[in-house]
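Observations on the model geometry
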Amino acid sequence: WYQRRVREAVVSTQSTGEQTQQGNHEHIVHLMDFSFKILETIKQFNSFTFGTNFTMKIGFNYGPVTDGIIGQNKVLYDIWGDTVNLSSRMMSTGVVGRIQLPDSCVPYLIDHFKLPKRGKVRVKGKGEMITHFCVDRKSPEQIKTNLENRAAKNINSTDT
């Protein structure tokens, strides 16, 4: 999780190579759950305090990142790369109170979350991109069915 400003959050993730090679993208689901918890925490905080109305919009993306520690006197850990830049663009073109993600993240999250298409959004440095909002987690029954269907497809595709 990477926060640039008080009211904006940019969420980028990279799996370990082993997780991705085994087709395990569970960490992306966990990170999306965390994004929802951030939004819920802000709502709760606002309801318990008088006169505050903190808001946030979250940009989400998945892919390779470069990380490192910079500085000598004031040491800072940071991440860079196209994944982080696109997360930032998802946030800057997003809507307050919502999580926006590029179309490329949908296959990793569709079994677990409701991802209505927002449509084409002009993204600086990328042109027009299809984006989605992540609006809610699917029910446990829907998730189980989706994962069973995906597993059955994978078994059938390896039988040929």
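Bear in mind the structure is a predicted one, so any value in this text is a computation, not a measurement.

Looking at the overall build of the protein chain
- The helix and strand inventory of the protein chain stands at five helices and ten strands.
- Across the 160 residues of the protein chain, 38% fall into the buried class.
- Counting contacts in the protein chain only where the partners sit at least 6 residues apart, residues at least 24 apart contribute 62% of the total.
- As displayed, the protein chain offers around 10,100 Å² of accessible surface, 53% of which is attributable to carbon and sulfur atoms.

Looking at the environment of Lys-126
- Inspection of the secondary structure puts Lys-126 in the loop between β8 (117–123) and β9 (127–134).
- For Lys-126, a relative accessible area of 38% corresponds to the partly exposed category.
- If we ignore the near neighbours within four places in the chain, the residues touching Lys-126 are Asp-82 and Leu-86.
- Here the side chain of Lys-126 touches Asp-82 through a polar contact of 2.9 Å, side chain to side chain.

Some thoughts on the packing of aromatic side chains
- For the structure on display, the rule yields three aromatic pairs.
- The ring of Phe-133 has Arg-98 sitting right over it, with the charged end atom 4.1 Å from the ring centre.

Observations concerning a nonpolar patch on the surface
- On the surface, a cluster of nonpolar side chains totalling about 350 Å² of accessible area is made up of Ile-69, Val-75 and Tyr-77.
- Within the fold, Ile-69 resides in strand β4 (residues 66–70).

Digging into the nonpolar core
- Judged by nonpolar contacts, the single largest core of 19 residues is most densely connected at Met-32, Phe-60, Leu-101 and Leu-109.
- Elements with a contribution of two residues or more to this core: α2 (26–48), β3 (57–62), β6 (99–102) and α4 (106–109).
- Residue contacts for Leu-109: discarding those within four places in its chain leaves Ile-28, Val-29, Met-32, Phe-60, Leu-101 and Leu-115.
- Residues Met-90, Val-121, Val-123 and Met-129 belong to the second largest nonpolar core, which totals five residues.

About the thresholds
Residues numbered from 1 in each chain as written. Predicted model: local features only at pLDDT ≥ 70, side-chain atom pairs only at ≥ 80, totals over all residues. Heavy atoms only, no water. Helix = DSSP H or I, 4+ residues; strand = E, 2+ residues; numbered from the N terminus. Buried < 20%, exposed > 50% of the residue type's maximum accessible area, 1.4 Å probe, protein only. Contact = heavy atoms within 4.5 Å. Areas by Shrake-Rupley, 256 points an atom, 1.4 Å probe, with all protein chains shown as cover. Polar contact = N/O pair within 3.5 Å; in protein donor to acceptor, adjacent residues only side chain to side chain. Phe/Tyr/Trp six-rings, centres within 6.5 Å; stacked < 30°, edge-to-face > 60°. Lys NZ or Arg CZ within 6 Å of the ring centre and 35° of its normal. Patch = residues over 30% accessible without salt bridge, like charges linked within 9 Å, V, L, I, M, F, W, Y side chains within 5 Å. Salt bridge = Lys/Arg side-chain N within 4 Å of Asp/Glu carboxyl O. Core = buried A, V, L, I, M, F, W, Y, C linked by side-chain atoms within 4.5 Å.

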